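# A closer look at the structure
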Amino acid sequence: MMPAPVTTRRTPAFLPTARQALVVTVFTLLLSWLLHLLSGTPYLGVFGRIGFIGAVLLLAYSAAGALRPRWLSLASARLGAVVLMAPVAALVTALATQRGQFFAYLAQTQTLVGHFLMVLLAVVFGVLFSLLAMRSERRERERADRLQVELEKNTLERELLDARLRLLQAQIEPHFLFNTLANVEALVASGSPNAGPVLRHLIAYLRAAMPRLNDAGATLEQELQLVRAYLELMQVRMPDRLQIDVAHVAQAASLRFPPMALLTLVENAVRHGIDPGVAGGRIAVGATVDAAGGASCVWVSDTGVGMAPTAQPGTGLSNVRSRLQAVYGAHARLELHAVAPHGVRAELHFSGGRH
Amino acid sequence: MNTISALIADDEPLLRERLRSHLAALWPALTVIGDARNGAEALELFELHQPDIVFLDIRMPGLDGIATARALARRAQLVFVTAYDQYALQAFEQGAVDYLVKPVDPARLADTVQRLQGRLATRLADGGALDAMLDQLASRLGQRAAAPAWLHWIRASVGNSVRLIPVEQVRYLRAEEKYTLVAWEEGEALIRTSIKELGEQLDPGRFVQIHRAVIVNLAYVSQVTRGMNETAQLHLRGSDETLPVSRSYLQHFRQM
């Protein structure tokens, strides 16, 4: 099942986090104590004012993140809110503590200077704490991104492993094996001179198809030999319906190639192209290999019945794709083309790969 | 007693030959009236010669062994021949018709011949058991094909060749005048099928229409941003492109 798309708007929460609240509380307690020592005013009175301003600025910081308009960046919205709210909060504390004497309080130079100092302190520390908080948020985000990348990498590796396992399990189809043995038996019984060569093809196929998926030294030449043995056997079984043409590729011997990948494409061509049609067809396998390690292409084409648009894609193709990418990197690709008037051509494109 | 005749249907010539020579040795009186290379040929030859026995390979091109057996509708004694098929074997164990496994063992074929001779002597009808068995077989063999027929491949001209694009690699489809733009992992292509027609053939669990002219593959949607006026933008994984969600299609993303 497809995962539903997730809304990751990264809109910050309206309320501050517990950690932010704790940091601000501790800091205002300390600052109040310092101011209490310097000014001689009672500790609780100072903490009441400083703590209130701190709480307002903290709320302004987080609310600005949640409520900011589209055209304003997150950082400027937060800093703007903090700078704007600092004098307002200081004024409110003055109003609350002085009540009736508020205007007298403002009229006195000394208290007015004190008030401005308070506003200045609020702005400076508000901005400082905002910057610190945003920096830690950014770090948090980067860590989450790193974890995400790590997770995706692990998933890819697991998928590749799965692909290998599935391939190991599906390697030699019993239907193919028993049908081929039945043919060999028929040839032997009739004393046909073909019995020997067909048996040798079968042996070559079995040897090549034996589990060797971790064989990093596997080459395109080995793969072509496997494909040749397989197609020769299929042709003995269906002489009137299958023509084959496996090219000799001069530079194939040294080219790295994931084992069984080409065979999967050839098996597909037989199973989905030749088998279902009464008329059969022709399977051709070839490659253009760039000597300098540039763009290379290996292809399998058939003139079979072609592919229905509703044909279920099996695991085979994605398997081939992921294994080719494991050898040649993400740029390696599998392309499927329609062949006129009917049939399919599968192409593997990749670059590099000299041993 | 009339001569008893048989027909052999198998797409592999060597195996037809082999069965024919085994039968010649075990049952010299039997006349093999012909070889069929597939189900359709088997039916043709059957109508022509009306043999008493039909040896049917299960995997054959065109009409397979099961479908051919249905078409024969109990007008002959059937023997299925198969290389390896676990489902068929299970089903045969419950059925009245005989089966053979390739390569055919002469001793086992001798049993079959005896059974056939006994049957033909009494002309026992198989009754409904055969029909039930064929149904069961067909359903087991057809299990994979029974999945809903959503579109899995899109044919599109790219350069001078026709690409077969697996739909799971399609990122989105957009109507462009008379054509539809297919944007997939490896590029873009224009096809003639209308977006409406495509929409009806695509698995709705995977592809969602988000605009009169746009269908998106959910697997490529990375995030949704709400816009003004009841609209939204879809962001696609691994690209800067965004797609508009128009008001009438917004309900798909309402809960997010």
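Above this text sits the structure in question.
Residues numbered from 1 in each chain as written. Chains lettered and ligands numbered in written order. Predicted model: local features only at pLDDT ≥ 70, side-chain atom pairs only at ≥ 80, totals over all residues. Heavy atoms only, no water.

### Section: the overall build of chain B
From N to C terminus, chain B includes 7 helices and 15 strands. The buried share of chain B, reckoned over its 256 residues, is 46%. Nonlocal contacts in chain B, meaning residues at least 24 apart in sequence, comprise 52% of its contacts between residues at least 6 apart. On chain B, roughly 12,600 Å² of surface is accessible, and the fraction owed to carbon and sulfur atoms is 50%. (Helix = DSSP H or I, 4+ residues; strand = E, 2+ residues; numbered from the N terminus. Buried < 20%, exposed > 50% of the residue type's maximum accessible area, 1.4 Å probe, protein only. Contact = heavy atoms within 4.5 Å. Areas by Shrake-Rupley, 256 points an atom, 1.4 Å probe, with all protein chains shown as cover.)

### Things to note about the packing of aromatic side chains
All names here are of chain A. By the definition in use, this model includes 8 aromatic pairs over all chains. Seen in terms of ring centroids, Phe176 and Tyr230 are 5.1 Å apart; in terms of plane orientation they differ by 35 degrees. Their pairing is tilted. On the criterion of sequence distance, the pair formed by Phe176 in helix H6 (residues 174-189) and Tyr230 in helix H8 (residues 220-237) is long-range, its members being 54 residues apart. Side by side, Phe176 and Tyr230 carry an identical accessibility label, which is buried. Seen from the ring of Tyr61, Arg78 lies directly overhead, with NZ or CZ sitting 4.3 Å from the centre. (Phe/Tyr/Trp six-rings, centres within 6.5 Å; stacked < 30°, edge-to-face > 60°. Lys NZ or Arg CZ within 6 Å of the ring centre and 35° of its normal.)

### Brief notes about the environment of Met260 of chain A
Residue and element names in this part refer to chain A. If you trace the backbone, Met260 turns up in the loop between strand E1 (242-246) and helix H9 (261-274). Using a relative accessible area of 4% as the deciding quantity, one classes Met260 as buried. Remark: the alpha-carbon pair of Met260 and Val320, spanning 60 residues in sequence, is separated by 8.4 Å.

### Regarding the side chain of Ser32 of chain A
Residue and element names in this part refer to chain A. Relative to the assigned elements, Ser32 resides in helix H1 (residues 18-39). The class for Ser32 is buried, based on a relative accessible area of 0%. Beyond its immediate sequence surroundings of up to four residues, Ser32 is in contact with Tyr43, Val46, Phe47 and Ile50.

### Focus on the interface of chain A and chain B
Between chain A and chain B, the residue contacts involve 45 residues of the former and 46 residues of the latter. Interface area for chain A against chain B, summed over the two sides, is near 4,100 Å², with a carbon-plus-sulfur share of 58%. Remark: the boundary between chain A and chain B carries 7 salt bridges. Between Glu12 of chain B and Arg237 of chain A there is a salt bridge, and its shortest N-O distance comes to 2.8 Å. Of all the elements in the fold, those that place two or more residues in the side of chain A that touches chain B are H6, H8, helix H10 (315-328) and strand E4 (333-338) of chain A. Sort the elements by how many residues they give to the side of chain A that touches chain B and H6 of chain A lands first, with 11 residues. A per-class count over the side of chain A that touches chain B returns 25 nonpolar, 9 polar and 11 charged. Across 2 bridges, E4 of chain A lies against strand E7 (residues 161-166) of chain B in antiparallel orientation. Bridging from a neighbouring strand, His337 of chain A pairs with Arg163 of chain B of E7 of chain B. (Buried area = accessible area lost by both parts, 1.4 Å probe. Salt bridge = Lys/Arg side-chain N within 4 Å of Asp/Glu carboxyl O. Nonpolar A, V, L, I, M, F, W, Y, C, P; charged D, E, K, R; others polar. Pairing = 2+ DSSP bridges.)

### Section: the sheet that holds strand E15 (residues 242-245) of chain B
Residues and elements named next belong to chain B. Spatial ordering of the open sheet is given by E13-E14-E15, a layout of 3 strands whose pairing is antiparallel. The open sheet has two free edges, formed respectively by strand E13 (221-226) and E15, since each of these has just one partner strand. Each neighbouring strand pair of the sheet contributes to a mean axis angle of 25 degrees, computed without reference to strand direction. Sheet topology places strand E14 (residues 232-236) next to E15; 4 bridges connect them, and they run antiparallel. Residue pairing for E15: Gln233 is matched across the bridge by Pro244. (Axes fitted to C-alpha atoms, helices over the stretch in contact; angles between N-to-C directions.)

### Observations regarding the packing of helix H7 (residues 195-209) of chain A against H8 of chain A
Think of two packed helices as two axes; the pair is described by the angle between the axes and how far apart they sit. All names here are of chain A. Look at H7 against H8: their axes get within 8 Å of each other, and the N-to-C directions meet at 140 degrees. When the interaxial angle is binned, H7 and H8 end up oblique. Crossing hand, H7 versus H8: left-handed. Each of Val198, His201, Leu202, Ala204, Tyr205, Ala208 and Ala209 in H7 lies in contact with H8, whose residues at this interface are Leu226, Ala229, Tyr230, Glu232, Leu233 and Val236. Residues that form the contact of H7 with H8 fall into these classes: 11 nonpolar, 1 polar and 1 charged. (Parallel < 35°, antiparallel > 145°, perpendicular 65-115°, else oblique. Left-handed = near helix turned anticlockwise from the far one by under 90°.)

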